[in-house]
There are 4 protein chains.
Amino acid sequence: MNARLKAEVLAANLELPKLGLVDFTWGNASGRDPESGLVVIKPSGVPYASLREEDMVVVDIDGRIVEGRLRPSSDLPTHLALYRHFEKVGGIVHTHSTWATVWAQACRGIPPLGTTHADYFDGEIPCTPLLTQSQVAGSYETETGLAIVDCFKRRALDPLDMPAVLVANHGPFAWGASADTAVHNAGVLELIARLAHLSLQLNPVLGAMPGFLLDRHFQRKHGHGAYYGQAQPAAPDVS
Amino acid sequence: MNARLKAEVLAANLELPKLGLVDFTWGNASGRDPESGLVVIKPSGVPYASLREEDMVVVDIDGRIVEGRLRPSSDLPTHLALYRHFEKVGGIVHTHSTWATVWAQACRGIPPLGTTHADYFDGEIPCTPLLTQSQVAGSYETETGLAIVDCFKRRALDPLDMPAVLVANHGPFAWGASADTAVHNAGVLELIARLAHLSLQLNPVLGAMPGFLLDRHFQRKHGHGAYYGQAQPAAPDVS
Amino acid sequence: MNARLKAEVLAANLELPKLGLVDFTWGNASGRDPESGLVVIKPSGVPYASLREEDMVVVDIDGRIVEGRLRPSSDLPTHLALYRHFEKVGGIVHTHSTWATVWAQACRGIPPLGTTHADYFDGEIPCTPLLTQSQVAGSYETETGLAIVDCFKRRALDPLDMPAVLVANHGPFAWGASADTAVHNAGVLELIARLAHLSLQLNPVLGAMPGFLLDRHFQRKHGHGAYYGQAQPAAPDVS
Amino acid sequence: MNARLKAEVLAANLELPKLGLVDFTWGNASGRDPESGLVVIKPSGVPYASLREEDMVVVDIDGRIVEGRLRPSSDLPTHLALYRHFEKVGGIVHTHSTWATVWAQACRGIPPLGTTHADYFDGEIPCTPLLTQSQVAGSYETETGLAIVDCFKRRALDPLDMPAVLVANHGPFAWGASADTAVHNAGVLELIARLAHLSLQLNPVLGAMPGFLLDRHFQRKHGHGAYYGQAQPAAPDVS
């Protein structure tokens, strides 16, 4: 069981530099076993080139090490806070990918400006409020996770319909039903962050796309009558 | 016959990621057989790395599947609407390539700012008006194609002299006499979109290039006395 | 003799895509034999991947083909006009490289903003005035070359101290004592154009660097007491 | 002894083009032997592709050549001035890497805008004041080093807590306890310079991140209770 998840989480981590989402050791992916609730995560500060399956760290939901010789990613407490509150989430990715980080540094959410965005994210990708001095001084990484959870609660967002967030002055977190999907969503986030940034340079006061177009595209891929890809039950009217 | 076109359309699709025009599965190319009128298109949501000739979907002009086990691209109705109204077009490409998509998201046509543009596009590359709520709620993909056709009719544009368009809040479509040419034009569009974007950052109120220079370059490659490349009948005066 | 120059000019042309300076077939390099005065240039519209030594076209200074089965680059008359007036120039390169073309499209010269610029270009890299309608209607490519020559004459520029120019609404030409050096200068121009563009985005009213710093760097590499590289006679005072 | 340092400095130099930090021959790395005080540096103007261990130049702190057939980098006097005044520094890198050079050309320090910055640099990365005409006319490369030293003195900066600087109208220098670390810091600087540049394009009046968040991240990696990576003594509270 843990072996399979460790292999999956290793593969997810190795995909991050391939997608151009991490430089040096700046990123990590984790996965959760839906039955045991155990979480597997990348070890802290280990270069991707030398990462092996046995380096993966298995922890319980309180962060106690169950398996592994290395120290887990220093961002583990953020992952755990998200797993605790986002029950359908099975994989989480944190990176400092350029374009998403730029929005985070500017403390701005990414407005939906086109169908590329709408195919994956059901509205503006939120940016958390800045942490307070006491949050930063305390269990900082846990507080980061709680700030994300709180932001989603106040905006009534479903984490699977909005599978990413920007942490102000920091960078993005993305997630999904599995570690693999979380990596994909982190890659999509980066492309959308770039598209939105460059669009605003053409027109700095550009507003969001119409809600009905956003809905159509999000539902086309994710709704009950979804008709994108090969896995969906019914084809659209093509006439 | 279908076999040859399927091979051509496969090759055209595989060229898209090589030219850096698609990420993940976000793009598709199709081709039309001039005699039978049948259209071959990429299947929906299939990764480029695993795409094979037998995956290509053959449909008639009304979208009925003639050959193929997979569901066609969800954008097929847009392709069909264009083939119906642009009779000389033999290949169509849709991508979410970065720089062209940025102009589409900003809902702006690309003004002709230099000879690179003029070598391929006889004027401003248009951006369609936004679709209305009822167009989006209806046969959305067909309506997208009809909006392009309508835009070209109102501007009196010849699709072969203006082989690309931006769909507002969405992304680019490009075309040509064949699938291969459509891919080339999609690649050129992306480069021109980038040049124009960066030029406007140097001078946000930059106007279009002079019409006589635009004409000279477009005619140099596409007019009766064209003298670019090896296929043209006559060389220019070089003295 | 022609064989050696053809090999050099082929190598120079093949270097252009390697340096990221050309897309598709959008660029060409030529070289001049100092003794015979013959010029070798790339054929028009031939893809770089299939370019061979026997494809190179040898012409005299009036553009008459001396050797070669293919039609020369349509930009040949521009090269010839430059060779006629810039007697120390032995190689010329024309590209549509992104960042240099952006400055050309914006019809702006590139101001000297740092030592990278000053190491190669002794002042602002000029942009030619727009060609008039009658210049474009006539021997357009020759007129392009003459506009460059005229621009250098009016500014009293030595082509070897300012080995590049931007043609308004078109793109860059670069040159040097040989085809090889011309390619190097075209590559440097592209990097400098990018640095200057991005610098102006940080500060749109940024002025040129001090003249005494420009001079020091240009002389350090090109002056009598030059001390950069291994070929110079004397080392600088390093204490 | 010198052999080991020459191998290290060669490796550091070869890493520069791999990280995308140098074009052509525009960069150099050096290292200092802590016991002998001798400095090893890249030779001037030699392409990276042909660089070998025996090309490295060994000099004493006054720049006298102790070993090596080639002339040292023309920037050697700047390196030596830094080694003289920054006693804990064991390696120095100079590049013209794009984004860091852009800030240097705009004569602006890089404000701390996010945790990526705070993980490596304890505050704003300074830009030196412009050199005066007499400084440039004199021992220019030495004066460049002294301007950096003076800038750090006036700002009371510890070179190991602020392992990089921008030289106005020129480009970046980075350093560290070893040549290897200096290269890493030069790479980080480039990424941070890009993030900050793009962040300011989203919000040109963006201010620095809160000091308490900057401190937390810098201390998390560099302070007494550091808990990033595998080398640290204690894990953070993960609950």
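The structure we're discussing is the one just above.
Residues numbered from 1 in each chain as written. Chains lettered and ligands numbered in written order. Predicted model: local features only at pLDDT ≥ 70, side-chain atom pairs only at ≥ 80, totals over all residues. Heavy atoms only, no water.

Engineer: Give me the side chain of His94(B): which residues, what numbers.
Structural biologist: Residue and element names in this part refer to chain B. Here His 94 lies in strand S5 (residues 91–95). Residue class for His 94 comes out buried when judged on its relative accessible area of 1%. Among the polar contacts made by the side chain of His 94, one reaches the side chain of His 96 at a distance of 3.4 Å. Sequence-distant contacts of His 94, that is, excluding residues within four places in its chain, are made with Gly 27, Asn 28, Asp 75, His 79, His 170, Pro 172 and Phe 173. (Helix = DSSP H or I, 4+ residues; strand = E, 2+ residues; numbered from the N terminus. Buried < 20%, exposed > 50% of the residue type's maximum accessible area, 1.4 Å probe, protein only. Polar contact = N/O pair within 3.5 Å; in protein donor to acceptor, adjacent residues only side chain to side chain. Contact = heavy atoms within 4.5 Å.)

Engineer: Would you mind going over the interface of chain A and chain B in detail, with residue names and values included?
Structural biologist: If you look at the interface, chain A gives 38 residues, while chain B gives 41 residues. For the pair chain A and chain B, the summed buried surface comes to about 3,500 Å²; carbon and sulfur atoms form 56% of the total. Connecting chain A to chain B are three salt bridges. As a salt-bridge pair, Arg220(A) and Glu141(B) come within 2.7 Å of each other at their nearest N and O atoms. At the boundary of chain A with chain B, the tally comes to 18 residue pairs in polar contact (both at pLDDT 80 or more). For the side of chain A that touches chain B, the element with the highest residue contribution is helix H7 (residues 179–202) of chain A, accounting for 11 residues. (Buried area = accessible area lost by both parts, 1.4 Å probe. Salt bridge = Lys/Arg side-chain N within 4 Å of Asp/Glu carboxyl O.)

Engineer: Tell me about the pairing of strand S1 (residues 27–32) of chain A, residues and numbers included.
Structural biologist: Residue and element names in this part refer to chain A. The buried count for S1 comes to six of six residues, which makes it a mostly enclosed element. Neither face of S1 is open: one carries Gly 27, Ala 29 and Gly 31, the other Asn 28, Ser 30 and Arg 32, and all of them are buried. In this structure, S1 lies alongside strand S5 (residues 91–95), joined through five bridges in antiparallel fashion. Bridging across to S5, Gly 31 finds its partner in Gly 91. Pairing of S1 with strand S2 (residues 39–41) involves three bridges; the strand directions are antiparallel. Across the sheet, residue Gly 31 finds its bridge partner in S2, namely Val 40. A loop of six residues connects S1 with S2, the two strands running antiparallel in sequence, and Gly 37 in this loop sits at a positive phi of about 80°. (Pairing = 2+ DSSP bridges.)

Engineer: Requested: an account of the relation of the copies chain A and chain B, with residues and values cited.
Structural biologist: These two copies of the chain differ by a rotation about an axis and a displacement along the same axis. Take chain A, turn it by 90°, move it 0.0 Å along the axis, and it overlays chain B with an RMSD of 0.0 Å. When the rotation and shift are considered jointly, the pair of chain copies conforms to a four-fold rotation axis. Measuring from the rotation axis to each C-alpha of chain A, the shortest distance belongs to Gln201(A), at 5.5 Å. (Least-squares fit on C-alpha atoms with pLDDT ≥ 70 in both.)

Engineer: Describe the pattern of salt bridges, and please don't skip the residues or the numbers.
Structural biologist: Here the structure, examined in full by the defined rule, presents 48 salt bridges over all chains. For Arg52(A), the salt bridge goes to Glu54(A), with nearest N and O atoms at 3.6 Å. In this structure Arg52(A) comes out as partly exposed when scored by relative accessible area, which is 47%. As a salt-bridge pair, Arg220(B) and Asp75(C) come within 3.6 Å of each other at their nearest N and O atoms. Of this pair, Arg220(B) sits in helix H8 (residues 211–222) while Asp75(C) is found in the loop between strand S4 (65–67) and helix H2 (76–85), placing the two residues in two different chains. For Asp75(C), a relative accessible area of 7% gives the class buried.

Engineer: An account of the environment of Ala226(C) is needed here, citing residue identities and associated values.
Structural biologist: All names here are of chain C. The topology assignment puts Ala 226 in the segment after helix H8 (211–222). You can call Ala 226 buried: its relative accessible area is 2%. Sequence separation of Ala 226 and Thr 142 is 84 residues, and the distance between their C-alpha atoms is 36 Å.

Engineer: Kindly report on unusual backbone geometry, identifying the contributing residues and their values.
Structural biologist: Phi is positive for Phe24(A), close to 50°, though the residue is something other than glycine. Turning to its location among the elements, Phe24(A) is positioned in the loop between helix H1 (2–18) and S1. Judged by its relative accessible area of 28%, Phe24(A) falls in the partly exposed class. In the Ramachandran plot, Ala156(B) falls in the positive-phi region, its phi being about 55° despite a non-glycine side chain. Relative to the assigned elements, Ala156(B) resides in the loop between helix H6 (140–154) and strand S6 (164–167). By relative accessible area, which is 68% here, Ala156(B) ends up exposed.

Engineer: Quick one: what's the story with the side chain of His117(A), residue by residue and with numbers?
Structural biologist: Within the secondary structure, His117(A) is located in helix H4 (residues 115–118). For His117(A), the residues in contact, after removing those within four places along its chain, are Ile110(A), Pro111(A), Pro112(A), Gly123(A), Glu124(A), Ile125(A) and Ile192(A).

Engineer: Describe helix H1 (residues 2–18) of chain C, naming the residues involved and giving the relevant values.
Structural biologist: Residues and elements named next belong to chain C. Compared with an ideal rise of 1.5 Å per residue, which puts 17 residues at 24 Å, H1 spans 25 Å between its outermost C-alpha atoms and is within 8% of the ideal. All of the buried residues along H1 are Asn 2, Leu 5, Lys 6, Val 9, Leu 10, Ala 12, Asn 13 and Leu 16. For H1, the angular spread of buried residues about the axis comes to 160°, placing them on one side. Facing away from the buried surface of H1 by more than 90 degrees, the exposed residues are Arg 4 and Lys 18. At its buried positions, H1 is contacted by strand S1 (27–32), strand S2 (39–41), strand S3 (57–59), S4, strand S5 (91–95) and helix H7 (179–202). Following H1 by one or two positions, Gly 20 has its phi on the positive side, about 75°. (Expected span 1.5 Å × (residues − 1). Arc of directions from axis to C-beta.)

Engineer: How would you explain the packing of helix H2 (residues 76–85) of chain A against helix H6 (residues 140–154) of chain A if you had to name every residue and give the values?
Structural biologist: Residue and element names in this part refer to chain A. Two elements in contact, H2 and H6, have axes whose closest approach is 7 Å; the angle formed by their N-to-C orientations is 35°. Relative to H6, H2 is oriented so that their crossing is right-handed. Counting all contacts with H2, which are made through Pro 77, Thr 78, Ala 81, Leu 82 and His 85, the residues of H6 involved are Glu 141, Thr 142, Thr 144, Gly 145, Leu 146, Ile 148 and Val 149. Across the contact of H2 with H6, the residue classes break down as six nonpolar, five polar and one charged. (Axes fitted to C-alpha atoms, helices over the stretch in contact; angles between N-to-C directions. Left-handed = near helix turned anticlockwise from the far one by under 90°. Nonpolar A, V, L, I, M, F, W, Y, C, P; charged D, E, K, R; others polar.)

Engineer: How would you summarise the packing of aromatic side chains if you had to cite specific residues and measurements?
Structural biologist: In the structure shown here, the tally under the stated rule is 20 aromatic pairs over all chains. Note on Trp26(A) and Tyr120(D): the rings are 5.7 Å apart at their centroids and 55° apart in plane angle, and the pair reads as tilted. Taken together, the positions of Trp26(A) in the loop between H1 and S1 and Tyr120(D) in the loop between helix H4 (115–118) and helix H5 (133–137) put the pair across two chains. The class of Trp26(A) is buried, set by a relative accessible area of 8%. Arranged with centres 5.4 Å apart and planes meeting at 65°, the rings of Phe152(A) and Trp175(A) form a pair that is edge-to-face. (Phe/Tyr/Trp six-rings, centres within 6.5 Å; stacked < 30°, edge-to-face > 60°.)

Engineer: Describe the sheet that holds strand S7 (residues 171–176) of chain B, with residues and values.
Structural biologist: All names here are of chain B. The seven strands are arranged S4-S3-S2-S1-S5-S7-S6 in an open sheet whose pairing can be described as antiparallel. The open sheet terminates on both sides in strands that have one partner only, identified here as strand S4 (65–67) and S6. Within the sheet, the average angular offset between the axes of one strand and its neighbour, ignoring direction, is 25°. Looking at chain direction, S6 and S7 are connected through four bridges and run antiparallel. When the sheet's bridge partners are listed, Val 165 is paired in S7 with Phe 173.

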